[in-house]
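A closer look at the structure
One letter stands for each residue in the lines below.
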Amino acid sequence: MFDLDADDPVAIALTVDVTAAAGAVQVAAVTEAGRQADALLGEPPLPGSVEWHAEEGTGIPLRRERAWQLLQLRIGLGAGMDPLPVLIGLRRHGATWEEIAHAAGVTRQSAHERWAGRVAAVLDREVAGAGA
């Protein structure tokens, strides 16, 4: 065990609560992944614009959202981020395990085995909480 002076920078580095700092880094990483997904996919049409109205009723905004989330998954996995929040969003928006697997570069079976239980647990809790 270390016997360090409380004023020592090493002691501070080893003992200070980093919860808030880690959360801030996660928020920054998710924000940047979204920015990068927009850069790769192109900015979405603005509500009320001619492009927006042209897409109404075509399902394109929903497909774009799913595509954006698939990009977020690929970017996040490449950066070593926990994919669970993106996976939950993907499943809510109707993404199949086949699409998720393709984005992750694994087989459908592998993606399902790796993540389906965690995703289902969160979604099941949400459904149970909504019914309470």
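My aim in this report is to walk through the structure given alongside it, one point at a time.

How each quantity is defined
- Residues numbered from 1 in each chain as written.
- Predicted model: local features only at pLDDT ≥ 70, side-chain atom pairs only at ≥ 80, totals over all residues.
- Heavy atoms only, no water.
- Helix = DSSP H or I, 4+ residues; strand = E, 2+ residues; numbered from the N terminus.
- Buried < 20%, exposed > 50% of the residue type's maximum accessible area, 1.4 Å probe, protein only.
- Areas by Shrake-Rupley, 256 points an atom, 1.4 Å probe, with all protein chains shown as cover.
- Core = buried A, V, L, I, M, F, W, Y, C linked by side-chain atoms within 4.5 Å.
- Contact = heavy atoms within 4.5 Å.
- Salt bridge = Lys/Arg side-chain N within 4 Å of Asp/Glu carboxyl O.
- Axes fitted to C-alpha atoms, helices over the stretch in contact; angles between N-to-C directions.
- Parallel < 35°, antiparallel > 145°, perpendicular 65-115°, else oblique.
- Nonpolar A, V, L, I, M, F, W, Y, C, P; charged D, E, K, R; others polar.
- Phe/Tyr/Trp six-rings, centres within 6.5 Å; stacked < 30°, edge-to-face > 60°.
- Lys NZ or Arg CZ within 6 Å of the ring centre and 35° of its normal.
- Polar contact = N/O pair within 3.5 Å; in protein donor to acceptor, adjacent residues only side chain to side chain.

Considerations on the overall build of the protein chain
Along the backbone of the protein chain there are 7 helices and 0 strands. N-terminal to C-terminal, the α/β element order of the protein chain is α-α-α-α-α-α-α. For the protein chain, with 132 residues in total, the buried portion stands at 25%. Roughly 9,000 Å² of accessible area belongs to the protein chain as shown, and the carbon and sulfur atoms make up 60% of that amount.

Topic: the nonpolar core
Counting 17 residues, the largest nonpolar core has Leu-73, Leu-87, Leu-90, Trp-97, Ile-100, Trp-115 and Val-119 as its most contacted members. Listed by contribution, the elements that provide at least two residues to this core are α4 (60-78), α5 (84-92), α6 (97-104) and α7 (108-131). What Leu-90 contacts, discounting residues up to four positions off in sequence, is Arg-66, Gln-69, Leu-70, Leu-73, Ala-95 and Ile-100.

Quick word on the side chain of Gln-69
Here Gln-69 is to be found in helix α4. In this view, Gln-69 contacts Val-86, Gly-89, Leu-90 and His-93; residues no more than four positions away in its chain are not counted.

Some remarks on the pattern of salt bridges
A full pass over the atoms with the stated rule returns 5 salt bridges. When the shortest N-O distance is used, the salt bridge between Arg-35 and Glu-32 registers 2.8 Å. Of this pair, Arg-35 and Glu-32 are both found in helix α2 (residues 19-41), 3 residues apart, which corresponds to roughly one turn of the helix. Since its relative accessible area comes to 32%, Glu-32 is described here as partly exposed. The salt bridge involving Glu-126 is made with Arg-92; its shortest N-O contact spans 2.3 Å. With Glu-126 in helix α7 and Arg-92 in helix α5, this residue pair connects regions lying 34 residues apart in the sequence.

Re the packing of α6 against α7
Remark: α6 packs on α7, axes separated minimally by 9 Å, with the N-to-C direction vectors making an angle of 110 degrees. On the basis of the axis angle, α6 is roughly perpendicular to α7. Packed against α6, whose contacting residues are Trp-97, Glu-98, Ile-100, Ala-101 and Ala-104, the element α7 presents Arg-108, Ala-111, His-112, Trp-115, Ala-116 and Val-119 at the interface. Of the residues contributing to the contact of α6 with α7, the split by class is 8 nonpolar, 1 polar and 2 charged.

Some points on the packing of aromatic side chains
How two aromatic rings sit relative to each other is given by the distance of their centres and the angle of their planes. Per the counting criterion, the structure on display carries 0 aromatic pairs. The ring of Trp-115 has Arg-114 sitting right over it, with the charged end atom 5.0 Å from the ring centre.

Some remarks on the side chain of Arg-64
Relative to the elements of secondary structure, Arg-64 occurs in helix α4. Residue Arg-64 is classed as buried on the basis of its relative accessible area of 16%. Side-chain polar atoms of Arg-64 contact the backbone oxygen of Gly-42, separated by 2.2 Å. Not counting the four nearest positions on each side in its chain, Arg-64 is found in contact with Asp-38, Leu-41, Gly-42, Glu-43 and Pro-44.

Thoughts on the environment of Glu-32
Residues Glu-32 and Gly-76 lie 44 residues apart in sequence; the distance between their C-alpha atoms is 9.8 Å. For Glu-32, the side chain forms a polar contact with the side chain of Arg-35, separated by 2.8 Å.

Scope: geometric values only; no functional claims are made or implied.
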